[in-house]
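Take a look at the letters that make up each chain.
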Amino acid sequence: MGFSIIKGDITHQSVDAIVNAANTRLLGGSGVDGAIHAAAGPQLLEECRTLGGCETGKAKITDGYLLPARHVIHTPGPIWHGGRKGESLLLAGSYRNSLELAATWSCLTVAFPSISTGAYGYPVDKAALVAVSTILDFLPTHPEMNITMVCWTDEDKAAYEKAYKKVLKDR
Ligand code: AR6
């Protein structure tokens, strides 16, 4: 089963699909969304305009244009409101729906950023547990896929590694 955690820039990943931590309008933004649109070029926004937005926790796919990645899977993660507004289920939905869309499009290599933990304020330790357990639940039914968490900082990478160890230990 392929799961790894690295530090890096998701716009540099040569994979079948990178995932974008988008918003429900799917028309770009700051953070990783801004970086992906900047690297993909203006055609990405043109295609996004045809999609009609996306619900929180769901996912839509586009071409990767000038990116080394073949596709971009856009998913709006939840905004953190303290943890009692269904945030964890919505965040799990973002990971699971992105992975199911990737599988539908025969993507074997998929790279995720740390969805919702920037502008959307989801505490990274909590988000990492949701992300890792959702990915590890998905992988046994898709053993051909390789999934990478691409963390922007050393702190984020440490949080995902810690979550990975905890999820493995608790299974
Ligand atoms: N590669 C990998 N990770 C990155 C990169 C990069 N190039 N750039 C930033 N990150 P955020 P969110 C990390 O705020 O919390 C946007 O405006 C970053 O350090 O990008 O889901 C959207 O349009 C953080 O760990 O996404 C939405 O409106 C992680 O990516 C809103 O922000 C996610 O931070 C979404 O907020």
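Residues numbered from 1 in each chain as written. Predicted model: local features only at pLDDT ≥ 70, side-chain atom pairs only at ≥ 80, totals over all residues. Heavy atoms only, no water.

Going by an unreviewed UniProt entry, the chain carries the name Appr-1-p processing domain protein and comes from Parasphaerochaeta coccoides.

Evaluated as defined, the whole model comprises three aromatic pairs. Measuring from centroid to centroid gives 5.0 Å for Phe3 and Tyr164, while their planes differ by 80°, and the two rings are edge-to-face. Separated by 161 residues along the polypeptide, Phe3 in strand S1 (residues 2-7) and Tyr164 in helix H5 (residues 154-170) bring together distant segments of the chain. Relative to Phe112, the ring of Tyr95 lies with its centre 4.7 Å away and its plane at 35°, an arrangement referred to as tilted. Placement of the pair is Tyr95 in helix H3 (residues 87-104) and Phe112 in strand S5 (residues 109-112), with a sequence separation of 17 residues. For the pair shown, Tyr95 and Phe112 are each scored as buried. (Phe/Tyr/Trp six-rings, centres within 6.5 Å; stacked < 30°, edge-to-face > 60°. Helix = DSSP H or I, 4+ residues; strand = E, 2+ residues; numbered from the N terminus. Buried < 20%, exposed > 50% of the residue type's maximum accessible area, 1.4 Å probe, protein only.)

Taken together, the neighbourhood of the ligand is formed by 22 residues, with Asn23, Ser30, Asp33, Gly118 and Ala119 sitting nearest. A distance of 2.7 Å is found between an oxygen atom of the ligand and a side-chain nitrogen or oxygen belonging to Asp33. Starting from 700 Å² of accessible surface for the ligand in isolation, the protein chains cover 89%. Only strand S2 (17-22) and helix H1 (31-40) provide two or more residues apiece to the shell around the ligand. Among the elements that take part in the shell around the ligand, H1 stands out by supplying four residues, more than any other. Residue classes in the shell around the ligand are distributed as nine nonpolar, ten polar and three charged. (Near = heavy atom within 4 Å. Polar contact = N/O pair within 3.5 Å; in protein donor to acceptor, adjacent residues only side chain to side chain. Areas by Shrake-Rupley, 256 points an atom, 1.4 Å probe, with all protein chains shown as cover. Nonpolar A, V, L, I, M, F, W, Y, C, P; charged D, E, K, R; others polar.)

The next subject is the pattern of salt bridges. Enumeration over the complete set of coordinates arrives at six salt bridges. The partner of Lys7 in a salt bridge is Asp154, and the shortest N-O contact between them spans 3.4 Å. With Lys7 in strand S1 and Asp154 in helix H5, this residue pair connects regions lying 147 residues apart in the sequence. A residue is classified by how much of its surface remains accessible, and Lys7, at 46% relative accessible area, is partly exposed. Judged by its relative accessible area of 48%, Asp154 is partly exposed. Its salt-bridge partner being Arg70, residue Asp16 comes within 3.5 Å of it at the nearest N-O pair. With a gap of 54 residues between them, Asp16 in the loop between S1 and S2 and Arg70 in the loop between strand S3 (60-63) and strand S4 (71-76) connect regions that are remote in the sequence. Look at Arg70 and you get partly exposed, because its relative accessible area is 41%. (Salt bridge = Lys/Arg side-chain N within 4 Å of Asp/Glu carboxyl O.)

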